[in-house]
Amino acid sequence: MVKTTRETPSPSALLPLNQPQPLRVEAPDGWPVAVHVPHTARHQISSAVTSVEDIWRVEEEWWRDAPIVRTYFEVLLDTGRRMTLFFDHASTSWYWQRHA
Amino acid sequence: MQFACLLIDQLPVKSEVQRTPALAGRPVIIAHGAGSRRVVLDASPHALGVQPGMPLSEALSQCKGALLVEPDPAHYRDVFDHALDAIEALGADVEEEDLGHATVQLTGLELLHGGEQQLIDDLIAAIPRFLAPRIGVGSSKFVASVAAHQAKPGRAYRAPSDLQPFLDSLPVELLPVPWQTIAKLHGFGLRSLGQLARMPIGALQAQFGREGKLLGELARGIDRRPLTPRRHQETVTASLAFADPVGTIGIVLTAVESLLALVFAQDSMRGRFARVCTLDGLVFRAPAWHRRMVFKESLGDRTKAFSVVRHALENTPPPGPLEELRLTLSSITGEGGRQESLFRDVRREENLKEALRQLRARLGGQPPIYHVREVEPWSRLPERRQALVPFSP
């Protein structure tokens, strides 16, 4: 059970947090095999995906014109880093979600 | 209720001419901004074809022999403040609308001054002659302001008792609303107050919201806005002029130290503490420099104040050689410290509030400090679970 504060903050006062970041992912047949993580404004670090630890699908707001359909992948990279990626079916793009 | 509006045109140019009499009778342009974006702040009547807001390059091509003067906003503010102080000394409540524009409440003061006409004469006499103010007298703030626009410099004009014919032919630009609203009125073909007065207030409200009602009422000569007297802020000032422009930070710091010694030695600062220190400098061939420093806590000691000012100036020195330097202490209080709470949590909260208040004062707005707040913690979309909310303890 989640406790709600019943307070409605003004939308203008809110700043988004944990926004997904676009990410270049090599995924032949929809399965991530390598990711290119932004390092600086111009450079990226490419890493191979050694294993997919978890996979789940989120379908939200199916009653709207543009429903949200995402397939999440929790992947382990060859550098030992763990990342949560998702494929957005509406925009057919890959994103990185830092805190899933 | 009777009001008087004080209107001083070309306040910057008049202030500069009064300070430097050699500028009198010559085309003078005061420009502000930086680089290629410099625009005319004010121009003397001798600078023909030059209007405030015009790009400087265009103004200089219009008036080739013009003398270019760097702006000194602190000086213009001082000149205007002194004029308002002189009016307040007559016993009047004064509301400042803008630099060079103020409203004075006359009702209740006529008996003190031997009638309304004598009061208006006293008002004109109280203001330095070189400012040549235009005074408008009317039954409300807006009517007085419109009347002031009809007055000649150094003279008063009283709005007639039958207001509507007087207001009808006047342009909507006289309304105290943003220029976007004026542009919108023009877009509807409404150029005079008479045209506006003939519009039903409901229609104006439908188009302009709450402002629409104000527009409709003002055009009919109805102004219910009360006069809000300006808040008097006690300040202590000392200044010095350098024989030659000074660009070395060491000399500037020595000057600041001696100015601090002067202000803290004044009788009005005895046993008292200041919270804000402002430095205004006239920079050689560059726009005036202004620096405001808020002390972490009220200081009544020049040594402590100097260490704060020195630290600030060493980090960001003046932009060029200084010709004059003025130091002002404000937010003066009799309190030297604060009584802290006995309880740790309350103390922590108070410290946070204080830090935030100082940041707000320093940044001139809401500081970029946020706290994480749960918005839709149940959402399956991670980015919707939390958001950043401006921190306000």
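Cut-offs applied
- Residues numbered from 1 in each chain as written.
- Chains lettered and ligands numbered in written order.
- Predicted model: local features only at pLDDT ≥ 70, side-chain atom pairs only at ≥ 80, totals over all residues.
- Heavy atoms only, no water.
- Helix = DSSP H or I, 4+ residues; strand = E, 2+ residues; numbered from the N terminus.
- Buried < 20%, exposed > 50% of the residue type's maximum accessible area, 1.4 Å probe, protein only.
- Contact = heavy atoms within 4.5 Å.
- Lys, Arg positive; Asp, Glu negative; His and termini not counted.
- Charge placed at Lys NZ, Arg CZ, Asp CG, Glu CD.
- Pairing = 2+ DSSP bridges.
- Arc of directions from axis to C-beta.
- Salt bridge = Lys/Arg side-chain N within 4 Å of Asp/Glu carboxyl O.
- Polar contact = N/O pair within 3.5 Å; in protein donor to acceptor, adjacent residues only side chain to side chain.

A. Main features of the overall build of chain B. For chain B, the helix and strand inventory stands at 14 helices and 14 strands. With the C-alpha coordinates of chain B rotated into their principal frame, the extents come out at 70 × 65 × 55 Å. In chain B, buried positions account for 42% of the 393 residues. For chain B, the proportion of contacts with a sequence separation of at least 24, taken over those separated by at least 6, is 58%. Across chain B, the mean location of the 46 positive side-chain charges is 5 Å away from that of the 44 negative side-chain charges.

B. Seen up close, the sheet that holds strand S8 (residues 93-96) of chain A. Taken in spatial order, the 7 strands line up as S2-S8-S7-S6-S5-S4-S3 (chain A) in an open sheet, and their pairing is antiparallel. Each having just a single partner strand, strand S2 (21-22) and strand S3 (24-26) of chain A make up the two edges of the open sheet.

C. View of helix H8 (residues 179-187) of chain B. All names here are of chain B. Among the residues of H8, Thr181, Ile182 and Leu185 are the ones counted as buried. Down the axis of H8, the smallest arc covering the buried residues is 100 degrees, so these residues share one side. Every exposed residue of H8 that faces more than 90 degrees away from the buried side is listed here: Trp179 and Gly187. In this structure, the buried side of H8 is in contact with helix H9 (193-197), helix H10 (201-208) and helix H11 (210-219). One or two positions beyond H8, positive phi appears at Gly189, with a value near 80 degrees.

D. Quick look at the pattern of salt bridges. Residue and element names in this part refer to chain B. Scanning the entire structure with this criterion turns up 25 salt bridges over all chains. A salt bridge links Asp78 to Arg326; its shortest N-O distance comes to 2.1 Å. You can see Asp78 sitting in helix H3 (residues 73-88) and its partner Arg326 sitting in strand S12 (residues 322-333), a full 248 residues away along the chain. Taking the relative accessible area as the measure of exposure, Arg326 reaches 17% and is therefore buried. Note that Arg225 is salt-bridged to Asp223, the shortest N-O span being 2.9 Å. On the basis of relative accessibility, which here comes to 25%, the residue Arg225 falls in the partly exposed class. The exposure class of Asp223 is buried, given its relative accessible area of 14%. Taken together, the salt bridges that share partners define one network made up of Arg77, Asp81, Asp85, Glu88, Glu96 and Arg230.

E. Molecular detail of the side chain of Glu383 of chain B. Summarising the element assignment, Glu383 of chain B is placed in the loop between strand S13 (370-374) and strand S14 (386-390). Residue classification places Glu383 of chain B among the buried residues on the basis of a relative accessible area of 13%. Reaching out from Glu383 of chain B, the side chain makes a polar contact with the side chain of Arg70 of chain A at a distance of 2.6 Å. Residues within four places of Glu383 of chain B in sequence aside, it is in contact with Leu17, Asn18, Gln19, Pro20, Arg70 and Gln97 of chain A.

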